[in-house]
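# A structural walkthrough
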Amino acid sequence: MEPTALGNELLRSAARLSRWASRHASFDVPFAQARLLALLDELGPSRVSVLAAADHSSQPTTTNQLQRLEAAGWVHRASDPDDARASVVSLSDEGHAALESVRRARLAVLSPVLDRLDGPALDRVRIAVDVLDELLAAAADAPLPNPTRKDG
């Protein structure tokens, strides 16, 4: 399989697995807010503009979601040390706990499926995870291509 087709299949499969786990899991955090919590966990304290760009969302949409997260006590806002006019958002302890709850719920639906796999299949999953981690590390070091999606 050529790299372009392989890349397409990889992205499609990873997205389908993530959607499947979220669709079947039971958690109280709205999906868009869970996605933003995960993004904050990945990026660390961030400005709204950075979060909006990373989530391919508009700044007003991201601001609205962050206000909901702040009202729930899941994020903190602080002045940006580089620009007092801007703020930096970070996860609170409660936000970390809410995100972990979502992750546990998603894992709870995936675990029984993994339990049905035999040893060789589980070994292939472990190898796949290792390869995905290597791919993500390589992607983090690669220059970004020109964006084709416009934030709206």
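The structure contained in this document is the topic of the report that follows. Here the residue numbers are simple positions, counted from 1 along each chain's written sequence. Residue-level local features of this predicted model are given only where pLDDT is at least 70; pairs of side-chain atoms are given and counted only at 80 or more, and the full residue set underlies all totals for whole chains, interfaces and linings. Derived side-chain values reflect all non-hydrogen atoms in the structure, with water molecules and hydrogen atoms excluded from consideration.

### A look at the overall build of the protein chain
- Looking only at helices and strands, the protein chain features six helices and three strands.
- Oriented by its inertia axes, the alpha-carbon framework of the protein chain measures out at about 55 × 35 × 25 Å.
- Burial here depends on accessible area, computed with a 1.4 Å probe over protein chains only, as a share of the maximum for the residue type. Under 20% is buried, over 50% is exposed, and the range in between is partly exposed. By the burial criterion, 26% of the 152 residues in the protein chain qualify as buried.
- Two residues form a contact once any of their heavy atoms are found within 4.5 Å. Counting contacts in the protein chain only where the partners sit at least 6 residues apart, residues at least 24 apart contribute 53% of the total.
- A residue counts as positive if it is Lys or Arg and as negative if it is Asp or Glu; His and the chain ends are not included. Lysine's charge is taken at NZ, arginine's at CZ, aspartate's at CG and glutamate's at CD. The average position of the 17 basic charges and that of the 21 acidic charges among the side chains of the protein chain differ by 8 Å. Starting at the N terminus, helices and strands are each numbered in turn, a helix being any DSSP run of H or I of at least four residues and a strand any DSSP run of E of at least two.

### Observations concerning the sheet that holds strand β2 (residues 75-80)
- Pairing between two strands is assigned when DSSP locates at least 2 bridges connecting them. What the three strands build is an open sheet, ordered β1-β3-β2; its pairing is antiparallel. Looking along the sheet, the strands with just one partner apiece sit at the ends: β1 (46-47) and β2.
- Across six bridges, the pairing between β2 and strand β3 (residues 83-91) is antiparallel. Along β3, the bridge assignment pairs Ala78 with Val88.
- Think of each axis as a best-fit line through the C-alpha atoms, taken over the contacting stretch in the case of a helix, with angles from 0 to 180 degrees between the N-to-C directions. Here helix α4 (residues 59-71) sits on the sheet in contact with β2 and β3, set at roughly 120° to β2.

### Let's talk about the pairing of β3
- Both β1 and β3 contribute to a ladder of two bridges, which runs antiparallel. For Arg47, the partnering residue across the bridge sits in β3 and is Val88.
- Taking the residues that link successive antiparallel strands as the turn, the β2-β3 hairpin has two residues.

### Side note on the nonpolar core
- Here the nonpolar core consists of buried residues drawn from Ala, Val, Leu, Ile, Met, Phe, Trp, Tyr and Cys, with membership extended through side-chain atoms lying within 4.5 Å. Of all hydrophobic cores here, the largest spans 22 residues; its most connected members are Val29, Leu37 and Leu66.
- Listing elements by their share of this core, those giving two or more residues are α2 (31-43), α3 (48-54), α4, β3 and α5 (93-115).
- Not counting chain neighbours up to four residues away, the residues in contact with Leu66 comprise Leu36, Leu40, Val48, Leu51, Val75, Arg77 and Val89.

### Let's talk about the pattern of salt bridges
- In what follows, salt bridge is the name for a side-chain nitrogen of Lys or Arg lying within 4 Å of a carboxyl oxygen of Asp or Glu. Under the definition given, this model contains nine salt bridges.
- Asp55 is the salt-bridge partner of Arg35, the closest N and O atoms lying 2.8 Å from each other. Taken together, the residues Arg35 in helix α2 and Asp55 in the loop between α3 and α4 connect sequence positions 20 residues apart.
- With relative accessibility at 16%, the residue Asp55 sits in the buried group.
- Measuring nitrogen to oxygen at the nearest pair gives 3.3 Å for the salt bridge that ties Glu100 to Arg103. Placement of the pair is Glu100 and Arg103 together in helix α5, with a separation of three residues, close to one helical turn.
- According to the relative accessible area criterion, Arg103 is partly exposed, its value standing at 34%.

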